[in-house]
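Here's the letter readout for the chains.
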Amino acid sequence: QVYLVESGGGSVQAGGSHKLSCAAYGPLFSINTMRWYRQAPGKQRELVAKVTSGGRTEYGDFAEGRFTISRDSAKKTVTLQMNSLKPEDTAIYYCNADVVEYRGLPPTDSWGRGTQVTVSS
């Protein structure tokens, strides 16, 4: 079984920067698209950013120009660099990936447990 583990959550002042990381553990053949989602209290989970295996990226409107997603396929990691943070960025951030555990099998939708990011004004 493959596990996704996020790290880097914490507290930061508004206007500051913060970096989240996510690593995949366990035997796997490949990872397709990797994503970061977030969920604020009382709100639905929303897509922050995603990066394909080919390196193509997409961002939520709120993240465009402030956040950068990147991945290291060899290390099975994905990072989210967040700049110019705002109090409304406070949320639990989740790592998500389409994991192919064995060659020829369809990808599995894998999730981390999430990491809290709190932005104070």
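About the thresholds
- Residues numbered from 1 in each chain as written.
- Predicted model: local features only at pLDDT ≥ 70, side-chain atom pairs only at ≥ 80, totals over all residues.
- Heavy atoms only, no water.
- Buried < 20%, exposed > 50% of the residue type's maximum accessible area, 1.4 Å probe, protein only.
- Helix = DSSP H or I, 4+ residues; strand = E, 2+ residues; numbered from the N terminus.
- Pairing = 2+ DSSP bridges.
- Patch = residues over 30% accessible without salt bridge, like charges linked within 9 Å, V, L, I, M, F, W, Y side chains within 5 Å.
- Areas by Shrake-Rupley, 256 points an atom, 1.4 Å probe, with all protein chains shown as cover.
- Salt bridge = Lys/Arg side-chain N within 4 Å of Asp/Glu carboxyl O.
- Core = buried A, V, L, I, M, F, W, Y, C linked by side-chain atoms within 4.5 Å.

*Asks:* Outline the pairing of strand S11 (residues 115-120), supporting the account with residue identities and numerical values.
*Replies:* Alternating positions in S11 separate cleanly, Thr 115, Val 117 and Val 119 being buried on one face and Gln 116, Thr 118 and Ser 120 remaining unburied on the opposite face. Pairing between strand S2 (residues 10-13) and S11: four bridges, direction parallel. The residue bridging Gly 10 from the neighbouring strand is Val 117, located in S11. Inspection of the sheet shows strand S9 (residues 91-100) paired to S11 by three bridges, in the antiparallel sense.

*Asks:* Can you tell me about a nonpolar patch on the surface, naming the residues and giving the values?
*Replies:* Together, Tyr 3, Val 5 and Tyr 25 make up a nonpolar patch on the protein surface, roughly 320 Å² of accessible area in all. Given a relative accessible area of 41%, Val 5 falls into the partly exposed group.

*Asks:* Tell me about the nonpolar core, and please be specific about residues and values.
*Replies:* Residues Trp 36, Leu 80 and Tyr 93 are the most contacted members of the largest nonpolar core, which totals 28 residues. At the level of secondary structure, the elements contributing two or more residues to this core comprise strand S3 (18-25), strand S4 (30-39), strand S5 (46-51), strand S7 (67-72), strand S8 (77-82), S9 and S11. Top element by residues in this core is S9. It accounts for five residues.

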